[in-house]
Every structure is written in C-alpha cells, then in structure tokens.
Protein chains: 2
Amino acid sequence: MTAASSLDTLFRPRSVAILGASDDPNRISGRPVRYLLEGGFKGDIYPVNPNRQTVQGLKSYPSLGTVPGVPDVVLIAVPAALTEASVVECIEKGVTGAVIFSAGYAESGEDGLKMQQRIGDIARAGGLRLLGPNCLGIFNPQIGFYGTFTQSLDREMPKPGPLGIVSQSGAYGSHIAYLARRRGLGINYWITTGNEVDVDVSESLEWMAVQPDIKVIMAYVEGVRDGERFRRALELAHNNRKPIVMMKVGRSEVGAKAASSHTASLAGSDAIYDALFKQYGVHRAVTTEEQLDVAYACARGIFPKNNKLGVVTLSGGAGVVISDAAERHGLDVAPMPAAAQVKLKALLPFASVENPVDTTAQALNDMSLLAKNIEVILDEGGYDALLGFFSTVPNTRTLSGPLKKAIEDGCARFPDRLIALSMVGDEDVVQAYEASGMLVFEDSDRAVLALAALTRFATAFDLAIDVEAIAAGVPIGDAPLSEFAAKALLGAAGIPFLSERLVSHAAAAGDAADAIGYPVVMKIVSPDIEHKTEIGGVLIAVTQRDDVIAGFATLIARANQHRPDAHIEGVLVAPMAKKGVETIIGVSRDPVFGPAVMFGLGGVHVEVLKDVTFRLAPFGLEEAHRMINEIRGRALLSGVRGAAASDIDALAQLLVDISRFAAAHRDDIETIDLNPVLVLAAGEGAVALDALVVPRAAVSS
Amino acid sequence: MTAASSLDTLFRPRSVAILGASDDPNRISGRPVRYLLEGGFKGDIYPVNPNRQTVQGLKSYPSLGTVPGVPDVVLIAVPAALTEASVVECIEKGVTGAVIFSAGYAESGEDGLKMQQRIGDIARAGGLRLLGPNCLGIFNPQIGFYGTFTQSLDREMPKPGPLGIVSQSGAYGSHIAYLARRRGLGINYWITTGNEVDVDVSESLEWMAVQPDIKVIMAYVEGVRDGERFRRALELAHNNRKPIVMMKVGRSEVGAKAASSHTASLAGSDAIYDALFKQYGVHRAVTTEEQLDVAYACARGIFPKNNKLGVVTLSGGAGVVISDAAERHGLDVAPMPAAAQVKLKALLPFASVENPVDTTAQALNDMSLLAKNIEVILDEGGYDALLGFFSTVPNTRTLSGPLKKAIEDGCARFPDRLIALSMVGDEDVVQAYEASGMLVFEDSDRAVLALAALTRFATAFDLAIDVEAIAAGVPIGDAPLSEFAAKALLGAAGIPFLSERLVSHAAAAGDAADAIGYPVVMKIVSPDIEHKTEIGGVLIAVTQRDDVIAGFATLIARANQHRPDAHIEGVLVAPMAKKGVETIIGVSRDPVFGPAVMFGLGGVHVEVLKDVTFRLAPFGLEEAHRMINEIRGRALLSGVRGAAASDIDALAQLLVDISRFAAAHRDDIETIDLNPVLVLAAGEGAVALDALVVPRAAVSS
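Nothing here was measured: the structure is a model prediction, and the numbers come from that model. (Residues numbered from 1 in each chain as written. Chains lettered and ligands numbered in written order. Predicted model: local features only at pLDDT ≥ 70, side-chain atom pairs only at ≥ 80, totals over all residues. Heavy atoms only, no water.)

A. Geometry of the packing of helix H3 (residues 80–93) of chain B against helix H4 (residues 110–126) of chain B. Residues and elements named next belong to chain B. Interhelical geometry of H3 versus H4 gives an angle of 5° and a closest axis separation of 9 Å. Classified by the angle their axes make, H3 and H4 are roughly parallel. Facing Ala80, Thr83, Glu84, Val87, Val88 and Ile91 of H3, the residues of H4 in contact are Met115, Arg118, Ile119, Ile122, Ala123 and Gly126. Partitioned by chemical class, the residues of the contact of H3 with H4 number eight nonpolar, two polar and two charged. (Axes fitted to C-alpha atoms, helices over the stretch in contact; angles between N-to-C directions. Helix = DSSP H or I, 4+ residues; strand = E, 2+ residues; numbered from the N terminus. Parallel < 35°, antiparallel > 145°, perpendicular 65-115°, else oblique. Contact = heavy atoms within 4.5 Å. Nonpolar A, V, L, I, M, F, W, Y, C, P; charged D, E, K, R; others polar.)

B. Spotlight on the environment of Ala275 of chain B. Its place among the elements puts Ala275 of chain B in helix H8 (residues 269–280). With residues up to four places along the chain from it excluded, the contact list for Ala275 of chain B reads Phe614, Arg615 and Leu616 of chain B.

C. Structural detail: the interface of chain B and chain A. Counting residues at the interface gives 53 residues for chain B, matched by 53 residues for chain A. Together, the buried faces of chain B and chain A total about 4600 Å²; carbon and sulfur atoms form 57% of this surface. Here chain B is connected to chain A by 14 residue pairs in polar contact (both at pLDDT 80 or more). Elements supplying a minimum of two residues to the side of chain B that touches chain A: helix H5 (170–182), helix H9 (288–299), helix H10 (316–329), strand S17 (385–391), helix H14 (397–411), helix H16 (444–462) and helix H20 (604–607) of chain B. Across the side of chain B that touches chain A, the residue classes tally to 18 nonpolar, 17 polar and 18 charged. (Buried area = accessible area lost by both parts, 1.4 Å probe. Polar contact = N/O pair within 3.5 Å; in protein donor to acceptor, adjacent residues only side chain to side chain.)

D. Representation of the sheet that holds strand S10 (residues 163–167) of chain A. Residue and element names in this part refer to chain A. Taken together, the seven strands give an open sheet; going across it, the order is S9-S8-S11-S10-S12-S13-S14, and neighbouring strands pair in mixed fashion. Strands at the two margins of the open sheet, each flanked by one partner only, are strand S9 (145–147) and strand S14 (283–284). Pairing of S10 with strand S11 (residues 187–192), which is carried by five bridges, proceeds in the parallel orientation. Each residue of the ladder has a partner; that of Gly164, found in S11, is Tyr189. Where helix H6 (residues 201–209) meets the sheet, its contacts fall on S10, S11, strand S12 (216–221) and strand S13 (244–248), and the angle it forms with S10 comes to roughly 170°. (Pairing = 2+ DSSP bridges.)

E. Structural detail: the packing of aromatic side chains. Under the definition given, this model contains 32 aromatic pairs over all chains. With a centroid separation of 4.3 Å and 15° between ring planes, the pair formed by Phe11 of chain A and Trp207 of chain A is classed as stacked. Note that Phe11 of chain A is positioned in helix H1 (residues 3–11) and Trp207 of chain A in helix H6, a separation of 196 residues in sequence. When sorted by exposure, Phe11 of chain A lands in the same class as Trp207 of chain A, which is buried. With a centroid separation of 5.7 Å and 75° between ring planes, the pair formed by Phe303 of chain B and Phe461 of chain B is classed as edge-to-face. Taken together, the positions of Phe303 of chain B in the loop between H9 and strand S15 (309–313) and Phe461 of chain B in helix H16 put the pair 158 residues apart, joining distant regions of the chain. Residue class for Phe303 of chain B comes out buried when judged on its relative accessible area of 19%. Since its relative accessible area comes to 8%, Phe461 of chain B is described here as buried. (Phe/Tyr/Trp six-rings, centres within 6.5 Å; stacked < 30°, edge-to-face > 60°. Buried < 20%, exposed > 50% of the residue type's maximum accessible area, 1.4 Å probe, protein only.)

F. Expanded view of the pairing of strand S21 (residues 520–525) of chain B. Residue and element names in this part refer to chain B. Within S21, six of the six residues are buried, which leaves the element mostly enclosed by the surrounding structure. Of the strand pairs in this sheet, S21 and strand S22 (residues 538–542) are connected by three bridges, and their pairing is antiparallel. Bridged to Lys523 within S22 is Val538. Summarising the sheet, S21 and strand S23 (residues 570–575) pair through six bridges and their orientation is antiparallel. The residue of S23 that forms the bridge with Met522 is Val573.

G. Structural detail: unusual backbone geometry. Backbone torsion omega between Asn355 of chain A and Pro356 of chain A reads 0°, so that peptide bond is classified as cis. A positive phi angle is found at Asn355 of chain A, which is not glycine, with a value near 120°. Examined against the element boundaries, Asn355 of chain A turns out to sit in the loop between helix H12 (338–347) and strand S16 (357–358). What makes Asn355 of chain A buried here is its relative accessible area of 8%. In this model, Arg241 of chain B sits at a positive phi of 55°, which is unusual for a non-glycine residue. Assignment of secondary structure puts Arg241 of chain B in the loop between helix H7 (227–239) and strand S13 (244–248). Looking at Arg241 of chain B, the relative accessible area reads 38%, which means it is partly exposed.

H. Seen up close, the relation of the copies chain B and chain A. Rotating chain B by 180° and moving it 0.1 Å along the rotation axis overlays it on chain A with an RMSD of 0.1 Å. What the superposition gives is, in effect, a two-fold axis relating one chain to the other. (Least-squares fit on C-alpha atoms with pLDDT ≥ 70 in both.)

So this is what it looks like as structure tokens:
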C-alpha cells in the first residue's frame, strides 16, 4: 500500500470505530466520540464497549467484530496492556488504519519499547497502518473527522482552512492548532505522530506536500529516523511550492563515533538540520510565535518576488523602527524613485516621501490623500510588499472604516501585491481588515520578519533544488588510506592537488625535486601515520638536491623512530604552494541524513570562531556559492588589505565535486578532511594541500 | 530652578491653562480639555479662547492674562505662527512651565529651526521651562492631568501604575502607552519630548529615576544631545535600582571627522549606545513587543538573583522548546538535585523529574500533586524563578480555577520567587492569574526572554558602576605626536611598552642595540609619518651591530626620499617582541558621549570580522573583563592549539589605564591607536608595540 493511499484513509475515513469508547464525554476515551458528534462527522461512528448498550447516545457494539462492515479507521482508546489484543482484532476484521492513543511504550523504558516493536511487527504483517502510540491522533475538520482526545478542542472545534499541521508532540500540535484558531486560521489536516511505530513525520509531510487544499504546512520535529524520506518530503513540498514552517527543537550532538574526526566534531545534528532546511527552502522558526506568524502570512498565498519593502506610516518613529527591523531581517527599504517622491510631496507637503513614507497624521484628515499616496507607492515604488503602520487608529471607531477604505482604494489596482499592516485593534476590527486581503500584525517587527520569510520562500521556490541522485562509487574497502592513496582517490574525482610524486628512495626524491623545481616540500607517506607534523614528518622549503636526498633519510628515520610498526609507502615530493586563502573542507557522515559537507576558513576561523557552514551531499554550484557567501569571514575571499580576490568559482566547483564524491561513497566513507584547501587568486584555481579519507569500516572496526 | 522642581511642576500641576482651547472635544486643541475633564483632573482648568464664553462647559478666558492666579502649566495649542506670542504671554504672566504641541519647527527646515531657537531663547531668559515643540505632551493619571492631545486616549483613559514612559516620538510614546494599557499595566508618568528645545529625554529620565512611585522606565530614544546628563540619568536609575527598558532606534555613523582614524571607522554611535547600555545595566529592547514584555516583567518587582530557571510543564515538547529558549537567552535550566528528583518521582511516577519537570497531563487529574510538585521544585531546586507551561488548560473553564489554586498552593511558602506562566487564556483568565502574582506570557520564548532580562537587571543593580570622575590631564597641545612622543605620554599613564631607545645617529643606534640585545627592531620616528611600514620605515630582526648601523642610514634615506619635508626625530631601536596574542585597543571620541575605548583581536578579527567591543571611558577592572569576555574570539586568549593562556589581568589593567587616560584627555585627544597590543602568557603582562595619538586640534585644523 502506498503512503498516499494509507494516509488518505487515515485522514478521510468514511467510518470510524472507537475501541473502549466511554459514555463520559470528558474522559480520554469519551472525547473522540464527543468530538466526532460535535464536529458533525460525515460518516459512520461505531463505539465499541461491551459494558454498555449506548455510548453518548450512539449504539454501542460489544466488540470490533460485531461492527457492521469494515471501518476505515479504528481509534484504539484502551489501556496499553489491552492494545496488542486490539491490534490483532483490527487485523482479523480487515481494518487497514488505526490510531493508538495510550502511552507507556518506547518512551517509558525497555519493556515498553519491546511491546511497541511487537505491535508494530503484528501490524506490518497484517497490513494495518498504525498512528502512534503515545500520540494525540489526527483530525480533518472538512469532514468533521476527529480521531483525537486533545483537550484543546474542549471549548471550540477548529474550522477548515489552508493549514496542514504535522507534529511529533501531541501537546505541541494541539497548542499550535489552538493558537492558529485564535488567529483565525483554519486547518484542513492535523496529525500527531507520537512514538512513530509506523506512520512518521516524514510520511506525513510527504502526504501533506501533495494535498491541493493545503497552502502551508506547520511542522514540529524533535528528531527524524528516516532521513531519506524526510528529504524526499521536503523536496516534494518545494517542488509543489508548499511552504513548510518548521519548529525543529532539541540539540543533540552527533554521536561519539563521528567525533573521531576533526570535521565531525564541529558538526552535530542540529547544524545538519539547518543545512537541510536551507537546501530545501524550509523556514525554520525559532519561536512558536514566529512559526504562527510565518504560517499566517503564507496562508495569504502571495510571495513577494523582490525583497524591496515599501513602508507607509503615520509616524516618523515607527518608520525608523521598521527600517531597523527590515535591515535585521534582510528586507530592503529602498527609496522611492525621484519622480514618485515629487508626486507624493505634492499630495502631502509635510510628508517624508523617500521611504518609509511618513504621511504624518495629516493623511487622516483627508483619507483620499492616503489612498492616492498608497497608489503612487505601489504604482511607482517597485515594491512587491507594502507595510503600513497605523498604530491604534484602526481601533478608533470613527477612523477605522475610512482608513480601511482608503487602503483598499489605494491597493485596488494591485491585487498581486502583499499588503501588511502593523496595527492594534480588537478582534472584529482585525478580521475586517483581513477580510479585505490584508495581513495584520500587532508588532511591526513580527510583520517584517514574516514578510522577509515570504520573500525567501519566493526565492527558494524558484530555485531548482540542486540535488541529483548519485550512483554509488566503486567501494573503497575498509583499510585505512595513506595521504597519497587518499589524494589519488579524490584526484580521480576531480579534486585538485599539487603535482606531487611518491618516491621510495633518496635518489628518486632528488630526481622528483629536479623535475618539479625548487623549493619543494617533502612528507612521509604511511596509512598508519595520520598526523605527520607531530612526528616531524614534513620538511618545507627544501631548496636543493643535496638537501632533498638528506631529507629523505631524515623522514624515514623519524617515521621508524616514532612508529616502528608503521607501513611506509615512501616520501612525497611536492612543489611549494602559492599564496592563497586557507580554507577547510570536510565531510562527515550524519547517522540519519548521510554525508554532509562542511566549509570554513582555515585556522582559528573553524577551530575557535566556529565560522563554518554545512550542506548535505550532493549539491550543485548555486548551493556551493551560497555556502561560501554564508560564512562571517567571507570578505577574506574578496581580498582584504590589498590581497587579490580569491578564485571563488574554483572553490565552489571543488565543494560540488567533493559533495558528489561523498554522495557516491555515502555507505563506505566516514569522514574526509581537506585541510587546508588553498584558494588562489581569481583564475588560478583552488588546491587541496592535504587529504585524509577515513573509510567507514576503519572506524567501526 | 533645578530639573527636579521644574519637572515636578510639569508633571504635577495644580492648575492648567489651555491656550487656543477648542469647544470641539475631537480637535487637537479641544482634546486636552476633554481629557482633563474625562480624567477628572484634580486642579483648575482654564480654557483660553477669546471667541467663546465657554469651552466644553468650562468658563473660557479671553487671554492668559485674565486667568485668575498663575497656572502651573500652560498648554500652548495654537498654530506655530502664534506660538512665540504665547510664550511671551506665559512669561508676562509669570508661568514657569509650558507645553508646545504644534509642529513646523526644527523638523521642517531652516526657518522652523530659527523660530524654535528664538522661542527657546525667550523662554530661557524668562524662566519658563518648555516641553516640545512638535510633541504630544505629558500626562499623569494619578491626578488626572492630561497635557496631551494624543489620539490613543480616544477610547479609554490610562490607569495609574508602576510605569514611567519617556519618548522622543509622540506617536511611539502613545503607541506603547496604549499597548501597556492593553497589557493591564498602569502608567504614573508619561512624557514625549519632541524637538526638545528645552526639556529633553536626559532630564526626563533623570526625573523619573528618582520617583518612588515608578518601578520601571520605558524609553524611546532616537538620539541624545546632552551625553553627560544622559549618563547621569542612567547612573541615577541604576543606583536607585530602577530598571530602564530602552528602545534606541536608528543607526547613524559617527561623522566624517572621526572616520579619519582606523579605530573610529569601526565605531559609529550605535555601538557607543550599546556600550553605554551595557555599562549602566540598561535593557536595550530590539522590538516593541520585547520592550513591553520586559517592562511588564519588571513591574512585578522581583528580580531573580541567580540565572537558574526551574521549568514545569504538562508536555515534554514544551520542555524542549523552553530549554532551547533558555540557552538562547542565557538562563540555565539546571537539573534538580538527586534527592528532589526522587521525591518528584514518588509523586508522579510517569513524570520527567530532572528539569524541565514534565508532570504529563497526569497532574491535572489530581491537582494536589501539581501543587506538591511545585513546592518541591521551589524548596529544593535552587531556582529563583519558575516557568510553568500550561498551554490552553487555564482557558478550559473546569480546570482553570483548580490549576490556579494548585500553583498558588505550591508557591505559597516562597513569596520571594518569581513565578511566570506560559499559557493561552482569555483576558479575564489572564488577569486572575496575574492577580495572584504570576507573570503571564502567551509565548514561552517571550517569557524566557523577559525572565533573563530580570536576572540581568538583578546582576547589574548589584554591581557598582565602574565610573569615577577623572580630572582633566595636562593638555597635550595640538601638534601631531610622533610614535616616540605618544609612547612617552602613554607610558607615563601606565601603558606598558617595550624598552626602546630613540637615537639620532648610526653609532648611537649600534650602542642601543648592543645594550638591548639582538635581534632588534628599528623604526623611523617622525610626527609627519603616520604609517611607517608603507615607506619601508621599519626593519625587523636586525641581528648584528653592523646591520644596525647600515639600517640607520637606510631608514633616514627612505624617509627623506618619501617625505622630504618630514621632521625626523630619529630612529627607534627596540627589542623583538615575545610571542603573544595580537590585540588592538583604540580610543575614539564620540561627539555626544566623549571618549570610547574599543577592544578587539588583531588582524582580520577587527578588520574583517568586526569582532570588537566598546565602552565609554573611564571604566574599572570588572568592566574591562566584561569587554574581554564579550568578543567572539575570546577563546584565543585562553590558549588554543597548545598555546599558553594569555595574561588577561594585564590586558584588563591596560584597558582600564587607557580608559582613564582617555577620560582625562576627553577634550584634547581625538583618537588613540594601540596596534598591536601583544598579550603575553599569563603572568608575563601585555605590551603595546605601537602607539598613535591624534590630538583633537590636529584633526580640526
């Protein structure tokens, strides 16, 4: 059974049975019946309770077996101890979808985990899709289906609308559903996945990503088990232009295994989630309020294509506050064209007309001036979004209506523009403005944040996701690789290195140096010696043949002295590197999402300042450029203090190539370190001076 | 007349006259009369309007002269053109305080500015204190005094309460007053200063800082003209433990003058405000919502002394969200002591008991368990603040009361603790919880931010402000200073330099080098050559006497070649510096606040990463340590990659010494650059290798 069809049934059942249904509408096992009745469920409801003739006025059935037909969904509202029997009952009846509410499974310890796994196995074998356990269920207000006992519906049922909500936490999912309703936002689909013995957040997102009646998806995620499917879901949502507003909580470090590599010790799954969300254009909200604000704005369905924000206010101070906020959130309060400023000045001689346009309270005396003002701003300013600050004026009964009409009149010719207001008003006042298509925020900063998020969605939707399926590469085996072997492997994948020669005796070293040209660098080569400098295994700036020959002996002697057991492959003779900016590129393997590429500037930038950025492999050139542009020390690559600008294009290509290599070896490479990667002057390329490849098996063994 | 007494009269008049009072209660000139009447002003109201017998039911006077007695405050509600005559009228009558509402002054151009200055001069000469022009006035709900025409009182008058509001913008001041009222926060004093021809934001803050009936001050500032007085006001508020919650908007660069120095080009007045607010313990709010939240929390009057936050929730998810927020805002969700965890586990076997304590919904079934739980957390957890997350439960009518009682019972023995709730509830529900002394926030992140701010206030209040009046130093004159002269000057002030010798002929250079010991550094010394390296004026690692003698000639020749007109003082011979961490310390003169000290790590840290911090001079050791701890690259001073830890104490002392020197020369030094300052290993000190002092006159000439 495909994901689509199973969740179709769970979200749109024609009949529902409730095992353990209580007659008390306030009990956990009574509430689903109550909600189905209050919500006007458009299908059949079958309470199952052997001790009663009726449940909340409905005929009660002694067992699932006695229910007529096969219910599309069974809500299992019995204690944990009885759940397994209920699952078996469902399968015997031929049911294909069930929800388990009760807790006491994986979250409560070893025994609970075993019980949960057993139930999962039984369900899978019997073709039964399970939601839960330890979840608050699922609802779909369009058909009045409430497979939930959440307290948060106690006072008022949700209304249908453009929101889809997926939450691993039942309580959080309920909380945001309640907040959404207070904000006037309807919900078409709501699902909480709990312990995820079967249906998980990835599948739920995948399902929501293809629903035409969802305009925006809100998600709460603590951790993802199926990284592949999660990525597919995000990609699907992106391709269908469905914004996802994500609350990803918790910061757990990547396990001790990954910490063995220098690169990986900087990673940590939270950075990987950040990378993922950037790559797929997901908005990661920091606070619940932000999550609601952005979802609310998305539901309007207008995503401004440029980041220019027009601002109209009744107060100079508010204009400054909004300008500060715009800079913080990445919107451009670009000035009005000169001709438009002249027009505005003619309308309102006291106004500031550059942008923010401060009409002063004068505009309130003749609302037609405000309308005309807004019309000029939208017509000539080049803004895809307009933010108006009207403070408490909409709540003054005399001015509220005329103000609304003036804004409507000013916007009438521009239905494609996003109009947002920062204003304080009672609920009915706010709703009236919203009914006219305006977004309403009390706080101007929250308005600006949401508008900036919409602009980023517009940009992200228009960019193709730079991901391509990469076939697995030839396995590299599980033996440790020497620097020379690592460079050969990566060099074949397109990673540029210096033209080096591996030699096995002193005279050959001299010949190699003669061929390369002086000065040269010499390094010991052994798969058993990871950190060469620590044993004096590197000689730099060797300027003549005699020194090269003596140096060969020195290196071999040092290796023998410090690591008598090491297998020595020889000595590497290499040219001295040119001047360039030192960067570090690494790959580490996230246990859930696979290989991730890290980029940062060399030295203290990575180690002390943690000025690094990540992306999941593979990715393309545009994404590589975004990585490079993200680091705080970016200006160092543009040339500072008279230095030449660096070859950014070559660096980006190197990032792409390493990401593709990492993706091809997602199963057999644990980490890669290219440290340093020297980025030369523009046009001269980038070159990795050292390479370390750690096979996956080498770590686990 | 002292500030205190003038503002006393403006805030607490016994009689008010309104020049140009309108009978129409909705007009600008009618609204003050209406508000005084509606607010139940406890003094005499004298409308002045020659065209009417009565104004809004009150007897109208034909002129100010005919009003009985001398009104304490006159509200000048006449057009700009008539204002000057009104000011003269006030003085003739012997009035000592007036408010000018009308716009059209400094903000509207050159003519307006002149008119404003003239009015200011007249008032000063006549002993009349003026508020405005271009302001929305002043109010004090305790006595029903409303010297304002703000629209925002249209629907409802404010109530008295613990808030003081000072705003340069009338519209912003009105906006936050309205928001405060919606939040249930009363206001005892409200003032908007507009164009500040006389009364300004500094004086207003100073006045509020000593009012016993203000618990928290909200301020909106665009720019300060009297830096000294502003600092005094902040100091007074700090010493009186009055929290200031500040919205400082706008980011204007320090002028072109200051940009002439390398240090100053990194400054900019906004960074100086940041420094100031840190030094005086002012909370700088980023958004209006944050400003309200923090002020609301301050009004409770409990400032947690430690930064440990106890968290109790009904949902694991919320606990994770709150833990993330606590880390972001600097609070410590410290675990419960083991013994307390055992007790909690006994109470609620399914609960998470470490902290966040997740009681699960189980606690709702027996509220006494929740009460007991909270009691144990407060009794044994060591938390000065407790945040409870209860989602929508308080809004479910059946549970709201019992939940409130359970929290009250749990907290009963701990009246000194701060109890905050994150919950969603209708206005009356929220008010009931607040009436029990709990802070209520809908969003948990906003709750955590506010609690963190309270904790920072508590810390700041307990720290003495590290500021001491520094007597002016001996004037340094206005001629440019050579490096040698600068070092002599700063050396006398305690700044450590290498033991260098200035020599004027080659043999003396050789002798100096012999005495210092090889290798040495040699530098050309001239007040006319600021950037020595650019002309080859520095020789490093000179290893023998012959080279020193030859080097002397080289340096003189280079100086003559590049700057034939330069006055050459000689050549400096100095020891090679030891290994250390390069830092940069600078002083620049802010036009408003005087000398500010900048600190950062050397090289790219300052120039590219802008990893710098500022403080206004002078300051003491604690503040210097805070500066050092603030930079992102701080770890470099703790020793990374095997390097020794740096001598932080010596660095801090150097910062203190330069700050005191800068304060003593606040009038005659424009900038100082110590670049680099080498911080040696712990115990070995810090030493400035170069010094540049630019006298103020040297810049302006």
